[in-house]
Each structure stands twice: as C-alpha cells, then as structure tokens.
Amino acid sequence: MKPAVETPVPAAQQVDLSVQVGPLRLANPVMTASGTAGLGLEMEPFWDLGQAGAVVVKTITKRPRRGNPMPRLCETPSGLLNSIGLPNKGIRHFLDVTLPKLRGKAGCLVVNIAGTCTGEFGELAALLDGAGGVDALELNISCPNVEGGNLPFGRDPQVVRRLVADVRAATRLPIITKLSPNVSDIAEIAVAAKEGGSDAVSLINTLLGMSVDWRTGRPGLGTAIGGLSGPAIKPIALRMCWEVSRSVDIPVIGIGGIRDADDVLEFLCVGCSAVQIGTQHYRVPDAVPRALAGLRERLAAEGRRDVRSVIRSVRAG
Ligand code: RRO
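1. A look at the nonpolar core
By size, the foremost hydrophobic cluster in this structure holds 99 residues, and its most contacted members are Leu-137, Leu-139 and Leu-203. Ignoring anything within four residues of it in the chain, the contact list for Leu-203 reads Leu-179, Ile-186, Met-240, Cys-241, Val-244, Val-252, Ile-253, Gly-254 and Ile-255.

2. Here's the deal with the sheet that holds strand β7 (residues 109-113)
If you walk across this open sheet you meet the eight strands as β3-β16-β15-β10-β9-β8-β7-β4, and the pairing is parallel. Strand pairing shows two members of the sheet lacking a second neighbour, β3 (30-32) and β4 (55-60), which therefore form its edges. In this sheet, adjacent strand axes meet at a mean angle of 25 degrees when their direction is disregarded. Examined bridge by bridge, strand β8 (residues 136-140) and strand β9 (residues 175-178) share four bridges and lie parallel to one another. Within β9, the residue paired with Asn-140 across the bridge is Lys-178. Relative to the sheet, helix α2 (residues 118-129) contacts β4, β7 and β8, its axis offset from that of β7 by approximately 155 degrees.

3. Concerning the layout of surface pockets
Where empty space is left becomes clear once a probe the size of a water molecule has been rolled over the atoms. The space that makes up the largest pocket amounts to roughly 890 Å³. Residue lining of the largest pocket: 42 residues in total, with Thr-36, Leu-80, Ser-229, Thr-279 and Tyr-282 positioned closest to the centre. Elements that contribute at least two residues to the lining of the largest pocket include exactly β4, β5 (73-76) and β6 (79-82). Residues that form the lining of the largest pocket fall into these classes: 15 nonpolar, 21 polar and six charged.

4. Thoughts on the site of the ligand
Lys-58, Thr-59, Asn-82, Ile-84, Gly-85, Leu-86, Asn-140, Cys-143, Pro-144, Asn-145, Asn-205 and Thr-206 make up every residue found near the ligand. At 3.0 Å, a backbone N or O of Ile-84 approaches an oxygen atom of the ligand. One of the backbone nitrogen or oxygen atoms of Gly-85 is found 2.8 Å away from an oxygen atom of the ligand. According to the grid-proximity analysis, the pocket containing the ligand is the largest pocket.

5. A word on the packing of helix α7 (residues 261-269) against helix α8 (residues 287-301)
One way to put it is that α7 packs onto α8 with a least axis distance of 8 Å and a crossing angle of 70 degrees. Here α7 is positioned roughly perpendicular relative to α8, judged by the angle of their axes. In this structure, α7 uses Ala-261, Asp-262, Val-264 and Leu-265 to contact α8, whose residues at the interface are Ala-291, Gly-294, Leu-295, Arg-298 and Leu-299. When its residues are assigned to classes, the contact of α7 with α8 shows six nonpolar, one polar and two charged.

6. Examining the confidence of the model for the protein
Predicted coordinates in regions of low pLDDT should not be interpreted in detail. Taken as a whole, the protein shows an average pLDDT of 94; of its residues, 95% reach a score of 70 or greater. Taken element by element, the protein is modelled with least confidence in helix α3 (residues 151-155), mean pLDDT 77, and with most confidence in strand β15 (residues 252-255), mean pLDDT 99.

7. Looking at the state of the cysteines
Taken as a whole and judged by the stated rule, the model has zero disulfides. Here Cys-143 stays unpaired: no disulfide links it, and the sulfur of Cys-117, its closest cysteine neighbor, is 16 Å away.

8. Thoughts on the environment of Met-43
Mapped onto the secondary structure, Met-43 falls in the loop between β3 and β4. The buried category is assigned to Met-43, whose relative accessible area is 6%. Placed 242 residues apart in sequence, Met-43 and Pro-285 show a C-alpha to C-alpha distance of 7.2 Å. Apart from residues lying up to four places away in sequence, Met-43 is in contact with Thr-36, Ala-37, Leu-49, His-281 and Pro-285.

9. Here we look at the side chain of Lys-58
Summarising the element assignment, Lys-58 is placed in strand β4. In this view, Lys-58 contacts Ser-34, Gly-35, Gly-38, Ile-84, Leu-86, Pro-87 and Asn-112; residues no more than four positions away in its chain are not counted.

10. Overview of the environment of Arg-155
Looking at the element boundaries, Arg-155 is found in helix α3. Here Arg-155 falls in the partly exposed class, since its relative accessible area comes to 44%. The sequence separation of Arg-155 and Pro-174 amounts to 19 residues, and the corresponding C-alpha distance is 22 Å. With residues near it in sequence (within four places) discarded, Arg-155 still touches Asn-182, Val-183, Ile-189 and Leu-208. A polar side-chain atom of Arg-155 sits 3.4 Å from the main-chain carbonyl oxygen of Asn-182.

11. Digging into the pairing of strand β10 (residues 200-203)
Of the two faces of β10, the one holding Ala-200 and Ser-202 and the one holding Val-201 and Leu-203 are both buried throughout. Note: β9 against β10, three bridges, orientation parallel. Note that in β10 the partner of Ile-176 across the bridge is Ala-200. For the handedness criterion, the β-α-β arrangement of β9, helix α5 (residues 186-196) and β10 is classed as right-handed. Strand direction decides the pairing type here: β10 and β15, joined by three bridges, are parallel. Note on β15: the bridge partner recorded for Val-201 is Val-252.

Parameters at a glance
- Residues numbered from 1 in each chain as written.
- Predicted model: local features only at pLDDT ≥ 70, side-chain atom pairs only at ≥ 80, totals over all residues.
- Heavy atoms only, no water.
- Core = buried A, V, L, I, M, F, W, Y, C linked by side-chain atoms within 4.5 Å.
- Buried < 20%, exposed > 50% of the residue type's maximum accessible area, 1.4 Å probe, protein only.
- Contact = heavy atoms within 4.5 Å.
- Pairing = 2+ DSSP bridges.
- Helix = DSSP H or I, 4+ residues; strand = E, 2+ residues; numbered from the N terminus.
- Axes fitted to C-alpha atoms, helices over the stretch in contact; angles between N-to-C directions.
- 1 Å grid on protein atoms, 1.4 Å probe; cavity = no way out; pocket = protein on both sides within 12 Å on 5 of 7 lines; lining within 4 Å.
- Points joined across faces, edges and corners; volume = space filled by probe spheres on them.
- Nonpolar A, V, L, I, M, F, W, Y, C, P; charged D, E, K, R; others polar.
- Near = heavy atom within 4 Å.
- Polar contact = N/O pair within 3.5 Å; in protein donor to acceptor, adjacent residues only side chain to side chain.
- Sits in = over half its atoms within 2 Å of the grid points.
- Parallel < 35°, antiparallel > 145°, perpendicular 65-115°, else oblique.
- pLDDT = per-residue confidence, 0-100.
- Disulfide = S-S within 2.5 Å.
- Right-handed = clockwise from strand over helix to strand, strands pointing away.

Structural data, given as structure tokens:
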C-alpha cells in the first residue's frame, strides 16, 4: 500500500513574510520603533538595516532640541520609564548629514516628525518629500515628554484631523499617524487621523507613568513624569490595537512591549498589519532579525506559507 501523501511543511526559509501597509509593500511586518534604534545607523554594528520591514528614525523637529534634564531613563519591574524630550539636531542636519548616510540602507525608511504647532508638521513633511530616500512619514502627535508640546495635538480629534490634512496637503509620502494611549478613546483619534488622510496608524506611544524613591523623595526621572514602555504595557497595547483595527479600515501598526516572534504574531492576530519593536532593543539589539527568524520557524511549524494568514485571525467580537 502506498503511504498517504503528506502535505510538506514549508521550510522556514520559504515562508512569505511580506505584508502590505496601505501603499507600502514591506518585505516583512517587523519595524523598529522610533527612538529605540536611534537614527537607524546606531544599529549597523548589530544587524543589516535592510533586514527590517522598515526602519523608523527617532523624532526629528524643525529646530535642534537639547532634550529633557537627566535622569531621562528609569527602570521599573517590567517596563522602562523615559523622559528624553526629543533631543535631535533638527531637520536641516537630518537632511544634510544623516539622510545621505541612511539612503538605500533600509528596505523602507520612515521618518518620525514632530512640530511645535500644527503648521510645522506640514513644513517638515514638505522638506522630507523633496529630499528623496524617505519612504513614509510617521507623525508623532503623541510624545508624552514635551511640556506644552505636541501631546495636546493627539488628544483632540478635530486637531488631529486638521493636522493630518495639513500634512496630506504638503506631501505625497505615505502618512502613518502615531497615537497616544493617554486618551479616553483611542479609536476616536484613529478615525480622525483617517479622515484627515492618514494612510495608517501606529499605536501605542508610551503610557504616562512615574517612579519615586520614598527615602530621598526623588522621582526616578528628571521631569518626574514620563512614558512607560516595555512588557508591562503589552496587554494594553494589544487591547487598543484590537479596538482600533475594528474602528478604522486603514492599516494598524502595533507597538507596545513586543519582544519576540510570538508577540509579533499576537499583534497581527488582533488586526495589525505590521509591528514595531522598541524597548526590547535595549536588552537585545538584534531583536528584529531574531524575531524574523522566530516568525519563519513558528509559521513553518504550523504549516503556514505566509504571515498574512495570521492578520486579523482573532476569534472575538
Ligand atoms: O523623546 C521622548 O521623550 C519620547 C518621544 Br519623542 C515619544 O514619542 N515617546 C516617548 O516615550 N518619549
């Protein structure tokens, strides 16, 4: 008797990891999260930037910024508090010095931008549009660490709609709007971003938090309050991604405590089209290539030929 014909398990290397994020075709769904891989170039000693689905550059502002007083980082039991305050050398330096070094190195280069007023987002977008080598913009309307700064932009749906529409008018580059979890209804903000013309939303930025040494009375951060990231926030991020993916028909990019391939697959399962790895970079600088190897192995072990079959496979709601 002939043995039953078995469906061969696809070899890990043959699993198709490519995904579509609005107008962006990515080789895989794993991106770096803004701020956690510097300007991208800092990762080069550890892995080839071309391996990531996309590299997202730390927030660039119009003018140079020194950032917040030290200490800017503080560990907590399962997460990291930060109050960095957007230190960067400004858009001119980015265009003249950094971008020429970055061009062509990432499969997809996303520049995260923040303005001090809504109009500044459009100005930055126009400059980056003309520069060449930038594949998309991520609008940081959600930084928790700027006093009187841009978080208020991200809290009001009307402001978000107008701000995104301003950027839309200034560029043909794909727009990803990065959302704050420090709001009462994140889905409402996602809808406003979509109405303004955003091609995708990414979420979540960090959750407001604080730590203190009761003996000295000193907070762990120079600004007392900062943004919490890391494994502690993963369940919250997952919940918000699920809610947003049910509320808008533009792609959702998941961020929040993602460490490995299983975390990536969980975010895809609840409706994300791609994800960003952030805080894990401080423990495992090559977290992106490791997650990619894990994705191929796990999907092959399940007999899956592509990662897209996991997207939105959640059996709830
Ligand atoms: O630089 C920061 O302090 C910072 C930014 Br821009 C952000 O978007 N999220 C965050 O937790 N910190």
